[in-house]
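Structure assessment
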Amino acid sequence: MENKEEKIEKREKKEKVPRQPMPEQDPKARIGNFDEVPYGYSAETAIIEAKRCIQCKKPSCVAGCPVDVDIPGFIKLIAEGKFIEAAWKLKETNALPAVCGRVCPQEDQCEKVCVLGKKGDPVAIGRLERFAADYERSTGKIEIPKVAAPTGKKIAIVGAGPAGLTIAGDLVKVGHDVTVFEALHKAGGVLIYGIPEFRLPKAIVDAEVNYLEKLGVKIVLNAAIGRLKTVDDLFAEGFNAVFLGVGAGAPVFMNIPGENLSGIYSANEYLTRSNLMKAYRFPEFDTPIAKGKNVAVIGGGNVAMDSVRTALRLGADNAYIIYRRSKKEMPARIEEIHHAEEEGVQFNFLTNPIEYIGDENGWVKQMVCNRMELGEPDESGRRRPIVIKGSEFTIDVDTVVVAIGTTANPVIPRTTPGLEVNKWGYIVTKDGSGETTRQGVYAGGDIVTGSATVILAMGAGRQAAKAIDSYVRSL
Amino acid sequence: MYKIIEKKYLQDIVVKMVFEAPEIARKRKAGQFIVLMIDDKGERIPLTIVDSDSEKGTLTIIFQIVGKTTACLAQLNAGDYIKHVLGPLGHPTEIENFGTSVCVGGGVGVGVIYPIAAALKKAGNKVISIIGARTKDILILEDEMRNVSDRLLVATDDGSYGFHGFVSAVLQNLIDSGEKIDRVFAIGPVPMMRVICNVTKPYNIKTIVSLNPIMVDATGMCGACRVSVGGKTKFGCVDGPEFDGHEVDFGLLMSRLRMYNEQEKQSMDLCRCAENGK
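In this report, the structure presented in the accompanying data block is examined. (Residues numbered from 1 in each chain as written. Chains lettered and ligands numbered in written order. Predicted model: local features only at pLDDT ≥ 70, side-chain atom pairs only at ≥ 80, totals over all residues. Heavy atoms only, no water.)

1. Digging into the sheet that holds strand β7 (residues 81-82) of chain B
Paired through their backbone hydrogen bonds, the strands of a sheet run either parallel or antiparallel. Residue and element names in this part refer to chain B. If you walk across this open sheet you meet the 5 strands as β5-β6-β2-β1-β7, and the pairing is antiparallel. Strands at the two margins of the open sheet, each flanked by one partner only, are β5 (51-53) and β7. Against the sheet, helix α2 (residues 68-75) touches β1 (2-11), β2 (14-20), β6 (58-64) and β7, its axis set at about 125° to β6. (Pairing = 2+ DSSP bridges. Helix = DSSP H or I, 4+ residues; strand = E, 2+ residues; numbered from the N terminus. Contact = heavy atoms within 4.5 Å. Axes fitted to C-alpha atoms, helices over the stretch in contact; angles between N-to-C directions.)

In structure tokens, the structure reads:
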């Protein structure tokens, strides 16, 4: 009896340690550079934070993770000061922990269901994940686990993004011969072209890709499957299974007048120029980008936040978010919105562009917008924005980034007979396995679900890896 | 890495280059293009494939030195390497026996129209080719074009060779002479393609043009290459590069091509390759 009380008391004491903040670059300084915003935990802070975890016997956090990371397990190792071991524990189930520690929406996944969150702040699982992965990388003691004996089965992965990299890691570890085909000149997919340096340093992505190559994954760059080779060609070359993780690559525009004026970008283009092509370092790098003074970004998601914060760093005096609903409905992570606010982004809620006006050179100079109000909830559960009649007004802009989403790129479905797609062009799969309507062809990530998150794509890669493994072994 | 096998100046600022890219060479069809990057700091630029040899595994490109990337590319020699080459991209040219096909090529566009003329000839068309340049010295591929055409007409803006005037005037004369034309392919500078379309439109002769908008990834991901065709936005990279010229908004294409003029000049000024010249 006494003993039990003691235990409870001990637990209460533990909870009193507050969630440890992560130091960050000062907002005024950071809008002048592309360096990463948060600095990460020190070893001392990481241990303090790790000790907050009460090591639940039935951890709900693990159930909240799409790739089933042993969260209490790696946190315990950090609490014991075994940082490298913590990183290895993470890598048992997560091929990209340094990435996930930075870009996963933990507040909607593992941290959302953390027991400590019921009364206070949840354990900072993401920050701890990042700490362990960064520690391992900084010491250079990257462990390359033993892979199983070769199975003699060849698997082709199309797209070197989060889904493809995850499945590649999983399948190579169990002994398959894995080749990843990537259309761009660098592996990483959205991690390389989409997410900016200040949120995910590219050196981290390179290191994670390098790790996979050391495991034995072959990566073929500049290989546009559907053009250079079709899926049929891959089977003819002797691949036993093909995984399509090509992303939801095609940008969506609003199809309003003036949208093709110079100075108007899709977010994909704007971010690709800046991130993949390093246009922010022009002319050291050859690819240019418009360094607008008055930049409007249309949309309210993470990609919109990435774009508008990039605009600030490229020297914008005014960087606007134009969003047709209110702050409450914004799909962006709270942390991203918070960072954007700190950096001086101006939010125009309940505003929707209807036309762009150009100057005599065909360059955008103004956008005409409507004011909106919120009506009844729509099928997404968010209140539907309705135009307020007669509310038209203009905003002076010289650069616009349209960040309202992406859709399926049709090149692979068009060149792959027997591959069924739905009415939006996304590949149809059997739930939970990634199995498509074509035998031996699997798919996962945004090309199946539509635009989602890095971790969900990785989760899909994980599921398909299991299905492909059993399929090729049955051949 | 893609090894350069041959480099040759066709004239002062126009270069022909042959390099190894066996997988692309095997798949490539007339009208398709590649995107190349000279090195990891380079720009991704689209270039139409002029020729390919699936046995030797090589591709041929012809380009004009217009900016830093093309200036630096021209500095490379046989034995050097191009870092990245992606392709074959875009839809191949729709080739069939249309009857009489006229192939109009202007400037470096002659290099692009050449494989199309050859394919049309092979498909049984009567091929009449009209090629032009500002002046005689910079005219390219005259012999090659003659070899794949039933008739070759040449024009120079300054009258130094062939017809004195634009290729569009030669086409107009051809129409006026009563030649029954079933299809026109026009590839060259945007103003030339626009004028050719203006010539053929009143006669309802279907005219195919190959557009060269600015591209980044060239796989349909970024939309840098948006063009307006028949009032609809299309992506030059995946929907094109060839479109019905009568539907194309050439004014928009031209203004979007000017988008980075200032930066392109800055880049060129800083570039040592450009100073060295030939």
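2. Structural notes on the side chain of A:S307
Residues and elements named next belong to chain A. Here S307 lies in helix α14 (residues 302-313). A residue is classified by how much of its surface remains accessible, and S307, at 0% relative accessible area, is buried. Residues contacting S307, with those up to four places away along its chain left out, are A267, Y270, L271, V297 and V401. (Buried < 20%, exposed > 50% of the residue type's maximum accessible area, 1.4 Å probe, protein only.)

3. With respect to the pairing of strand β13 (residues 183-187) of chain B
Residues and elements named next belong to chain B. Burial analysis of β13 places 5 of its 5 residues in the buried class, the great majority of the element. The two faces of β13 match: R183, F185 and I187 on one face and V184 and A186 on the other face are all buried. Where β13 lies against strand β14 (residues 207-210), 3 bridges are found, and the strand directions are parallel. Along β14, the bridge assignment pairs A186 with V209. Running through helix α6 (residues 190-200), the crossover from β13 to the neighbouring parallel element β14 is right-handed. (Right-handed = clockwise from strand over helix to strand, strands pointing away.)

4. Observations regarding the sheet that holds strand β1 (residues 154-158) of chain A
Residues and elements named next belong to chain A. Sheet architecture is open: 5 strands sit in the order β3-β2-β1-β4-β16, paired in parallel fashion. A single partner strand is all that each edge strand has here, and the edge strands are β3 (218-220) and β16 (441-443). For this sheet, the mean angle separating the axes of adjacent strands, direction not counted, is 20°. Bridging between β1 and strand β4 (residues 241-244) involves 4 bridges; their strand directions are parallel. Each bridged residue has a counterpart across the sheet, and for A156 the counterpart in β4 is V242. Helix-sheet contacts for helix α18 (residues 454-474) involve β1, β4 and β16, and the interaxial angle to β4 is about 170°.

5. Focus: the environment of B:F250
Take B:F250: it is sitting in helix α8 (residues 250-257). Residues B:F250 and B:S52, spaced 198 residues apart in sequence, show a C-alpha to C-alpha distance of 30 Å.

6. A short note on the packing of aromatic side chains
Residue and element names in this part refer to chain A. Inspection of the entire model under this criterion finds 11 aromatic pairs over all chains. Ring geometry for F34 versus F198: centroids 6.1 Å apart, planes at 50°, classification tilted. Of the two residues, F34 sits in the loop between α2 (27-30) and α3 (43-52) while F198 sits in the loop between α10 (190-193) and α11 (202-215), which places them 164 residues apart along the sequence. Residue F34 shares its accessibility class with F198, and that shared class is buried. Where F131 meets Y135, the ring centres are 6.1 Å apart and the plane angle is 40°; that geometry is what we call tilted. (Phe/Tyr/Trp six-rings, centres within 6.5 Å; stacked < 30°, edge-to-face > 60°.)

7. Observations concerning the interface of chain A and chain B
Every contact between the two is made by 44 residues of chain A and, on the other side, 43 residues of chain B. Each partner contributes to the roughly 3,700 Å² buried at the junction of chain A and chain B, and carbon and sulfur atoms together form 53% of this total. Among the residues chain A hides against chain B, the three largest losses belong to A:R227, A:N260 and A:D286. Together they make up 20% of the total. Connecting chain A to chain B are 4 salt bridges. Notably, a salt bridge pairs B:K27 with A:D233, separated by 2.6 Å at the nearest N-O pair. (Buried area = accessible area lost by both parts, 1.4 Å probe. Salt bridge = Lys/Arg side-chain N within 4 Å of Asp/Glu carboxyl O.)

8. What to know about unusual backbone geometry
Cis rather than trans, the peptide bond between B:G87 and B:P88 has omega equal to -5°. You can see B:P88 is positioned in strand β8 (residues 84-89). The backbone phi angle of A:D68 is positive, close to 55°, even though this residue is not glycine. Relative to the assigned elements, A:D68 resides in the loop between α4 (60-63) and α5 (71-79). A positive phi is found at B:N204, a non-glycine position, where the angle reads about 60°. Position of B:N204 among the secondary structure elements: in the loop between α6 and β14.

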